[in-house]
Amino acid sequence: MIETVVSMELPVAEHLRVQKNRILPVHPTGKEKRFAVVTGIHGDELEGQFVCYELQRRLKAAPEQLKGIVDIYPAMNPLGIDSISRGIPMFDLDMNRIFPGTEEGPMMETLVKRLMDDLDGADMCVDIHASNIFLMELPQVRVNEETEELLVPYAKKLNVDFVWVHSAATVLESTLAYSLNKIGVPALVVEMGVGMRITRSYGYQLVEGILNVMKEMGIWEGPIGEVREPIVSSDRAVGYMNADKAGIFVPKTEIGNEVKVGEVLGEILNPLTGDVEQEITAPIDGMVFTVREYPVVYSGSLLGRVLGGKKK
């Protein structure tokens, strides 16, 4: 059932509409739990679009197995999705920096307030993001340490490769997930893939995880595939690889690989002179979970990240 959550008039007789698809069980009782999947807050992050499609395909294939309500919001920022823009076009705003919003504020703050009102009361929300156009990210859940005790058990069932628990000081309070957690709606933030692209294997992986969490909550009784046990990074180090030179970055490793400190993971090449400007080596032992996809780099560019061993 397609519903319009918010509709606002724009110039030249146009409308901004945020829609959701509400999927109900075959025989609703009125006591169902509600599971929300949101994506498209950043219009250049498209990985969640495939997840929305594939999840609905799976639910439609076995409607009798659904025992709860599933709300799917594929385009929280429809203007951004339409123009493949990170922020909200015309308003020069990052949507994920103005939550929870207010009815008394400017138009976009009113928009996010109404989205918050619609999500209020959900029993779980998964907020799907992708990386930017420069970096590929391994599927991961990012959790604020303030909500670690509540959310990590669910995050571990989401079939991601690792769970990254961030300190409260590094978490922006104006995001959707932070605002939902503050009003009692458990919200998991997924980061995966690369900007402006769809990585089908990651989409399939996350859908299995979503169904697994739904099964844990009693919302889904259908089959699920194998679910991996993620690394939880609350007590682990993260090593960063950055460029010291400008040039063309050519990786020599793949995302998800285990590497040793000092191992060469890529090179920065100079096409004009034919020289290797810099060898990029692993800063620590561990697993590569971020790799630069866009080859042109400058001094300071992030080239990759390694999830390392326990801090001493």
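Parameters and conventions
Residues numbered from 1 in each chain as written. Predicted model: local features only at pLDDT ≥ 70, side-chain atom pairs only at ≥ 80, totals over all residues. Heavy atoms only, no water. Helix = DSSP H or I, 4+ residues; strand = E, 2+ residues; numbered from the N terminus. Rg over C-alpha atoms; globule rule 2.2 N^0.38 Å. Buried < 20%, exposed > 50% of the residue type's maximum accessible area, 1.4 Å probe, protein only. Contact = heavy atoms within 4.5 Å. Areas by Shrake-Rupley, 256 points an atom, 1.4 Å probe, with all protein chains shown as cover. Lys, Arg positive; Asp, Glu negative; His and termini not counted. Charge placed at Lys NZ, Arg CZ, Asp CG, Glu CD. Patch = residues over 30% accessible without salt bridge, like charges linked within 9 Å, V, L, I, M, F, W, Y side chains within 5 Å. Salt bridge = Lys/Arg side-chain N within 4 Å of Asp/Glu carboxyl O. Pairing = 2+ DSSP bridges. Right-handed = clockwise from strand over helix to strand, strands pointing away. 1 Å grid on protein atoms, 1.4 Å probe; cavity = no way out; pocket = protein on both sides within 12 Å on 5 of 7 lines; lining within 4 Å. Points joined across faces, edges and corners; volume = space filled by probe spheres on them. Nonpolar A, V, L, I, M, F, W, Y, C, P; charged D, E, K, R; others polar. Disulfide = S-S within 2.5 Å. Phe/Tyr/Trp six-rings, centres within 6.5 Å; stacked < 30°, edge-to-face > 60°.

(A) Main features of the overall build of the chain. Helix and strand counts for the chain come out as 6 helices and 17 strands. Over its C-alpha trace the chain gives a radius of gyration of 21 Å, about what one expects of a compact globule, namely 20 Å for 312 residues. Referenced to the eigenvectors of the C-alpha coordinate spread, the extents of the chain come out at roughly 65 × 50 × 35 Å. Per-residue burial for the chain yields a buried fraction of 52% across its 312 residues. Counting only contacts in the chain whose residues sit at least 6 apart along the sequence, the fraction spanning at least 24 positions is 69%. Carbon and sulfur atoms make up 51% of the accessible area of the chain, which totals about 14400 Å². Between the averaged position of the 31 positive side-chain charges in the chain and that of its 45 negative side-chain charges there is a distance of 4 Å.

(B) Broad picture of a nonpolar patch on the surface. Residues Ile84, Ile133, Phe134, Met196 and Tyr294 make up a contiguous nonpolar surface patch of roughly 380 Å² in combined accessible area. Inspection of the secondary structure puts Ile84 in the loop between helix H2 (78-83) and helix H3 (107-119).

(C) Spotlight on the pairing of strand E3 (residues 34-39). Most of E3 sits inside the fold, with 6 of its 6 residues counted as buried. Residues of E3 alternate between two faces, with Arg34, Ala36 and Val38 on one and Phe35, Val37 and Thr39 on the opposite face, all of them buried. In the sheet, E3 pairs with strand E4 (residues 69-73) via 5 bridges, with the strands oriented parallel. Note that in E4 the partner of Val38 across the bridge is Tyr73. Chirality of the crossover, the property in question, places the unit of E3, helix H1 (residues 47-61) and E4 among those that are right-handed. Alignment of E3 against strand E5 (residues 124-129), held across 5 bridges, turns out to be parallel. Paired with Thr39 across the strands is Ile128, a residue of E5.

(D) View of the environment of Lys113. Checked against the element boundaries, Lys113 lands in helix H3. Residue classification places Lys113 among the partly exposed residues on the basis of a relative accessible area of 25%. Expressed as a C-alpha distance, the spacing of Lys113 and Ile98, which sit 15 residues apart in the sequence, is 9.3 Å. Not counting chain neighbours up to four residues away, the residues in contact with Lys113 comprise Pro100, Gly101, Thr102 and Glu103.

(E) The arrangement of empty space enclosed by the protein in detail. Going through the model one piece at a time under the given rule, you end up with 1 cavity of 30 Å³ or more. As for the largest cavity, its lining consists of Met241, Phe249, Pro251, Thr253, Leu265, Ile280, Val288, Thr290, Val291 and Leu303. For the lining of the largest cavity, the elements supplying multiple residues, two or more each, are strand E11 (247-251) and strand E15 (286-292). Ranked by residue count, the leading element in the lining of the largest cavity is E15, at 3 residues.

(F) Geometry of the layout of surface pockets. The computed volume of the largest pocket comes to approximately 700 Å³. In terms of lining, the largest pocket is formed by 30 residues, of which the most central are Asn96, Arg97, Arg142, Val189 and Glu191. The element that contributes the greatest number of residues to the lining of the largest pocket is strand E6 (residues 135-144), accounting for 5 residues. Looking at the lining of the largest pocket residue by residue, the class counts come to 11 nonpolar, 11 polar and 8 charged. A volume near 160 Å³ is recorded for the second largest pocket. Around the second largest pocket sit Ile2, Arg17, Val18, Gln19, Lys20, Asn21, Gln56, Ile72, Pro74, Ala75 and Pro78, which together line it. Looking at the lining of the second largest pocket residue by residue, the classes come out as 6 nonpolar, 3 polar and 2 charged.

(G) Representation of the sheet that holds strand E13 (residues 264-270) in the model. Spatial strand order, E14-E13-E11-E16: 4 strands in an open sheet with antiparallel pairing. Here the strands that pair on one side only, and so sit at the sheet edges, are strand E14 (275-281) and strand E16 (296-297).

(H) Structural view of the state of the cysteines. Under the defined criterion, the tally for this structure stands at 0 disulfides. Distance from the sulfur of Cys52, which forms no disulfide, to the nearest cysteine sulfur (Cys125) is 11 Å. Under the relative-accessibility criterion, Cys52 is labelled buried at 3%. According to the relative accessible area criterion, Cys125 is buried, its value standing at 0%.

(I) Inspection of the packing of aromatic side chains at higher detail. Counting across every chain of the model gives 6 aromatic pairs. A centroid spacing of 5.2 Å and a plane angle of 80° characterise the contact between Phe50 and Tyr204, whose relative ring orientation is edge-to-face. With Phe50 in helix H1 and Tyr204 in helix H6 (residues 200-216), this pair connects stretches of sequence that are 154 residues apart. Residue class for Tyr204 comes out partly exposed when judged on its relative accessible area of 35%. Judged by centre distance (5.4 Å) and plane angle (80°), the ring pair of Trp164 and Phe289 falls under edge-to-face. Of this pair, Trp164 sits in strand E7 (residues 162-166) while Phe289 sits in strand E15, placing them 125 residues apart in sequence. When sorted by exposure, Trp164 lands in the same class as Phe289, which is buried. Among the aromatic residues, those joined into a ring-pair cluster are Phe50, Tyr53 and Tyr204.

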